[in-house]
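Report on the structure
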Amino acid sequence: MYTYTICFLMHQNEFLLLNRRKPPLMGRWNGVGGKLAPNESPLACVLREVFEETGIPLTSARYKGIVSWKLDRTVLGGMYAFVAELPDAWERFDTPRRVEEGILDWVTLDWILHPDNEGIAENVPRFLPYMLENDEPVEHAFTYEGGRVIDYERVSLLELSPYLFG
């Protein structure tokens, strides 16, 4: 249904984020992810994209739901969202590190959520805390107008199940 994935990689008390070199969200920090290939599952996509963008060979990631958007009442889109925790014994690489997609760096959750942080993708502080605190996958539905979030709601994917699966 959706064509993108995103993953928030955690190691101890920090997150590996990507500052994008290209639109959309050029110059903003966000999780790592990308576009699904034909016949690729969201999990397979996120594992592949994390490896391609960071070199980290993930073997699993926890599905946390969907982040969807509506832009200026016309464009609809979304991405499958995941969280992956790297083991404490994982040998962390030095950052900042320039990669094809942008710059990778480790940041704290406090930095991500700081109210004056204009460098993070605008929707991340709204959905990431919920994803970290809850196991239930939900849809985080955003409405944008003029490039700014004007509405946000969380919808249980379990409540949608009867509509999706009869």
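Thresholds, definitions, all that
Residues numbered from 1 in each chain as written. Predicted model: local features only at pLDDT ≥ 70, side-chain atom pairs only at ≥ 80, totals over all residues. Heavy atoms only, no water. Helix = DSSP H or I, 4+ residues; strand = E, 2+ residues; numbered from the N terminus. Buried < 20%, exposed > 50% of the residue type's maximum accessible area, 1.4 Å probe, protein only. Contact = heavy atoms within 4.5 Å. Areas by Shrake-Rupley, 256 points an atom, 1.4 Å probe, with all protein chains shown as cover. UniProt positions renumbered as here; feature names shortened; annotations may be inferred. Core = buried A, V, L, I, M, F, W, Y, C linked by side-chain atoms within 4.5 Å. Polar contact = N/O pair within 3.5 Å; in protein donor to acceptor, adjacent residues only side chain to side chain. Expected span 1.5 Å × (residues − 1). Pairing = 2+ DSSP bridges. Phe/Tyr/Trp six-rings, centres within 6.5 Å; stacked < 30°, edge-to-face > 60°.

**Points about the overall build of the protein chain**
Across its full length, the protein chain holds 4 helices and 10 strands. Starting at the N terminus and ending at the C terminus, the protein chain contains elements arranged as β-β-β-β-α-β-β-β-β-α-α-β-β-α. Across its three principal axes, the protein chain shows a C-alpha extent of roughly 45 × 35 × 30 Å. By the burial criterion, 45% of the 166 residues in the protein chain qualify as buried. Taking the intrachain contacts of the protein chain between residues at least 6 apart in sequence as the baseline, contacts between residues at least 24 apart amount to 59%. Of the roughly 9500 Å² of accessible surface on the protein chain, a fraction of 52% belongs to carbon and sulfur atoms.

**A closer look at the UniProt feature "domain: Nudix hydrolase" (unreviewed entry) in the protein chain**
On the UniProt side, "domain: Nudix hydrolase" (unreviewed entry) is annotated at positions that read residues 1-129 here. The span residues 1-129 shows a helical share of 19% and a strand share of 40%, and its end C-alpha atoms are spaced 25 Å apart.

**A closer look at the nonpolar core**
Counting residues in each nonpolar core, the largest one holds 25 residues, and the members touching the most others are Cys7, Leu9, Leu16, Val50, Ile56, Leu58 and Leu104. Secondary structure elements with two or more residues in this core: strand 1 (4-11), strand 2 (14-20), helix 1 (42-54), strand 6 (75-85) and strand 8 (102-108). With 4 residues, helix 1 is the largest single contributor of residues to this core. Counting residues in each nonpolar core, the second largest holds 21 residues, with Met10, Trp29, Ile112 and Ala121 among its members.

**Things to note about the side chain of Asn117**
By the element assignment, Asn117 lies in the loop between helix 2 (109-113) and helix 3 (124-133). Judged by relative accessible area, Asn117 falls into the buried class, the value being 17%. Looking at Asn117, its side chain comes within polar contact range of the main-chain oxygen of Trp111, at 2.8 Å. Discounting residues that sit within four places of it in the chain, Asn117 has contacts with Trp111 and Ile112.

**Quick look at helix 1**
Helix length check: helix 1 (13 residues) gives 18 Å between terminal C-alpha atoms against 18 Å at 1.5 Å per residue, within 8%. When we look at burial in helix 1, the residues that qualify are Cys45, Val46, Leu47, Glu49, Val50, Glu53 and Thr54. On the buried face of helix 1, the contacting elements are strand 1, strand 2, strand 4 (32-35), strand 6, strand 7 (97-99) and strand 8.

**Section: the pairing of strand 5 (residues 62-71)**
Across 9 bridges, the pairing between strand 5 and strand 6 is antiparallel. Within the sheet, the bridge partner assigned to Leu71 lies in strand 6 and is Val75. The antiparallel pairing of strand 5 with strand 6 creates a hairpin that spans 3 residues between the two strands, and Asp72 there sits at a positive phi of about 45°. Both strand 5 and strand 9 (residues 138-145) contribute to a ladder of 7 bridges, which runs parallel. Following the sheet pairing, Trp69 is matched in strand 9 by Phe142.

**Some details on the packing of aromatic side chains**
Counted under the stated rule, the structure contains 9 aromatic pairs. For the pair Phe142 and Tyr144, a centre-to-centre distance of 6.3 Å together with 35° between the ring planes defines the contact as tilted. Across the pair, exposure class does not vary: Phe142 and Tyr144 are buried alike. Consider the rings of Phe142 and Tyr152, whose centres lie 4.5 Å apart with planes at 15°: the pair is stacked. Of the two residues, Phe142 sits in strand 9 while Tyr152 sits in strand 10 (residues 148-156), which places them 10 residues apart along the sequence. When its relative accessible area of 2% is taken as the criterion, Phe142 is described as buried. Connected via pairs of aromatic rings, a cluster forms that spans Phe8, Phe127, Phe142, Tyr144 and Tyr152.

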